Amino acid sequence: MSFTEWTVLRHNPIEKIASNLWTVEGFMPKGNQRRMTIARLNDGRLIVHNAIALDANEMAELEAFGKVAAIVVPNAFHRQDARIWKERYPAAKVYAPKKALKKVAQVVAVDGDYDAIPHDDQVRASHLDGLKGAEGVIQVRSDDGTTLVFNDALLNMQPMSGFGGFFMAPTGRPSVPRFMRWVMIKDKNALSSHLKQLADLTQLKRLIPGHGATIDKDAVVTLRSVIDELG
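In this report, the structure presented in the accompanying data block is examined. Given the structure is predicted, the values throughout are model-derived calculations rather than measurements. (Residues numbered from 1 in each chain as written. Predicted model: local features only at pLDDT ≥ 70, side-chain atom pairs only at ≥ 80, totals over all residues. Heavy atoms only, no water.)

**Points about the sheet that holds strand β7 (residues 123–127)**
Argument step 1. Pairing is mixed in the open sheet, where four strands are placed in the order β7-β8-β9-β10. Single-partner strands in this sheet number two, and they are β7 and β10 (204–208). Across this sheet, the average inter-strand angle for adjacent strands is 20°, counted without regard to direction.
Argument step 2. As judged from the five bridges shared by strand β8 (residues 136–142) and strand β9 (residues 145–149), these two strands associate in the antiparallel manner. From the neighbouring strand, I138 faces β9, where its bridge partner is V149.
Argument step 3. Across the sheet, helix α7 (residues 219–230) touches β9 and β10, and the angle it forms with β10 is around 55°. (Pairing = 2+ DSSP bridges. Helix = DSSP H or I, 4+ residues; strand = E, 2+ residues; numbered from the N terminus. Axes fitted to C-alpha atoms, helices over the stretch in contact; angles between N-to-C directions. Contact = heavy atoms within 4.5 Å.)

Here it is in structure tokens:
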């Protein structure tokens, strides 16, 4: 699904985590939770990860926060709002992981992959090792520490049953979900090694998953537990 006109779905208020980092929890029509994260570069440009359409007053607040420069589509399953955001901000460039470029380009023109996303000494994006360009991670340094912004490679969902629970397992705690382990991960050792490097970052403060609650307590311990469970 890809929206062709500005479509505001149910979502929670903007959460202003830090002076250069905002996030919004949203919900798809069937209730599936998703999350948009906005990082601001030193020059005021905004990197919008997994864009979600907001109400007029909230969009005005976002525009006062900075200039939308990058619309990051984190994988081919998260294209829903990419086209309408590009139409609203035609000067912004669209980015996606290498492996998702062709599918994202089916709904919106893509300007580059994660390696081309604008960066500075506070905000930096990169592909995750071991996934052959399927997904990436964004590092954001704020006054209170460093945040890692993931997509489907790290989830923190409520306990789920049925087929969804099987597909997303293990749920009820932060994890690399089963569908990632089965379909997306091509080199588990490479991914584990990269996650270990991220866990060792100076002042790692929080983890923002693509789905589920933000992890802002014991981020290092949590990430290391995820790595241990990944094997």
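**Section: the pattern of salt bridges**
Argument step 1. Using the criterion set out here, one finds nine salt bridges in the structure.
Argument step 2. Its salt-bridge partner being R34, residue D81 comes within 2.8 Å of it at the nearest N-O pair. Of this pair, D81 sits in the loop between β5 (67–72) and α2 (82–88) while R34 is found in strand β3 (residues 33–40), placing the two residues 47 residues apart along the sequence. The pair D81 / R34 is uniform in exposure class, with both members buried. (Salt bridge = Lys/Arg side-chain N within 4 Å of Asp/Glu carboxyl O. Buried < 20%, exposed > 50% of the residue type's maximum accessible area, 1.4 Å probe, protein only.)

**Concerning unusual backbone geometry**
Argument step 1. Within the chain, K132 stands out as a residue other than glycine whose phi angle is a positive 50°.
Argument step 2. Here K132 is to be found in the loop between β7 and β8.
Argument step 3. A relative accessible area of 67% means that K132 is categorised as exposed.
Argument step 4. Backbone geometry places D218, a non-glycine residue, at a positive phi of 55°.
Argument step 5. Its place among the elements puts D218 in the loop between β10 and α7.

**Brief notes about the sheet that holds β5**
Argument step 1. With respect to topology, six strands assemble into an open sheet ordered β1-β2-β3-β4-β5-β6, the strand pairing being mixed. On the outer flanks of this sheet lie β1 (15–18) and β6 (93–95), each paired with one strand and no other. Averaged over all adjacent pairs, the angle separating strand axes in this sheet is 25°, with direction ignored.
Argument step 2. Strand direction decides the pairing type here: strand β2 (residues 21–27) and β3, joined by seven bridges, are antiparallel. Note that in β3 the partner of F27 across the bridge is Q33.
Argument step 3. Packed onto the sheet, helix α1 (residues 56–65) meets β1, β2, β3, β4 (45–49) and β5 and runs at close to 155° relative to β2.

**Some details on helix α6 (residues 188–199)**
Along an α-helix, residues three or four apart share an orientation, since each turn contains 3.6 residues.
Argument step 1. Taking 1.5 Å of rise per residue, twelve residues should cover 16 Å, and α6 covers 16 Å from first to last C-alpha, within 8% of that figure.
Argument step 2. By the N-cap criterion, in which a side-chain oxygen at the helix start approaches the backbone nitrogen of a residue two or three places on, α6 is capped by D187, the distance to N189 being 3.2 Å. (Expected span 1.5 Å × (residues − 1). Polar contact = N/O pair within 3.5 Å; in protein donor to acceptor, adjacent residues only side chain to side chain.)

Function-wise, these values are silent; they only describe arrangement.
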